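Here is how the chains run, residue by residue.
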Amino acid sequence: MEDLTIKQAIEPDKVIIVVLDGKRGIARKCEAVEHGSTIIETVNGKSKKITFIESYLT
């Protein structure tokens with residue numbers, strides 16, 4: 001397997017999530033919701049799904 005390097009700049013006013021899946025040899029990048037939850041689901045040790053649950057403060 002190749003040695004892979006991921007380079008990601010910090011983006012002002014954003015929370016960026018980087019998922020490194022060593023079993024499948026892939027990387028995923030997404031922005032977190034401003035208010036709420038970000039859930040990373042796995043199946044058999046591999047990243048499968050990213051779910052965003054946005055909520056608002058009242």
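Up top you'll find the structure we're talking about.
Notes on the structure in this doc start here. What you see is a predicted model; the values in this text were computed from it and never measured.

Below, the discussion takes up the environment of S55. For S55, the position within the fold is in the segment after β4 (46–54). Along the backbone, S55 and T38 are 17 residues apart, and their C-alpha atoms lie at a distance of 11 Å. Excluding anything up to four places from it in sequence, S55 contacts H35 and G36.

Attention now moves to the pairing of strand β2 (residues 26–31). Strand residues, when the strand is regular, have side chains that alternate between the two faces of the sheet. Sheet topology note: the strand β1 (residues 16–21)/β2 ladder contains six bridges and is antiparallel. By the bridge assignment, V18 is partnered in β2 with K29. Hairpin connection, β1 to β2: the antiparallel pair is bridged by four residues, and G25 has positive phi, about 70°.

About the criteria used
- Residue numbers run consecutively from 1 along every chain, following the written order of its sequence.
- Local features in a predicted model are, by the rule used here, given only for residues with pLDDT of at least 70; side-chain atom pairs are given and counted only at 80 or more, and totals for whole chains, interfaces and linings are based on all residues.
- The basis for every side-chain value is the complete set of heavy atoms in the structure, and neither hydrogens nor water enter the calculation.
- The way it works is that DSSP assigns letters per residue, a run of H or I at least four long becomes a helix, a run of E at least two long becomes a strand, and they are numbered from the N terminus.
- Residue contacts follow a heavy-atom distance rule, with two residues in contact if any of their heavy atoms lie within 4.5 Å.
- A pair of strands counts as paired when DSSP detects no fewer than two bridges linking them.

Fair warning: the whole summary comes from geometry, so function is off the table for now.
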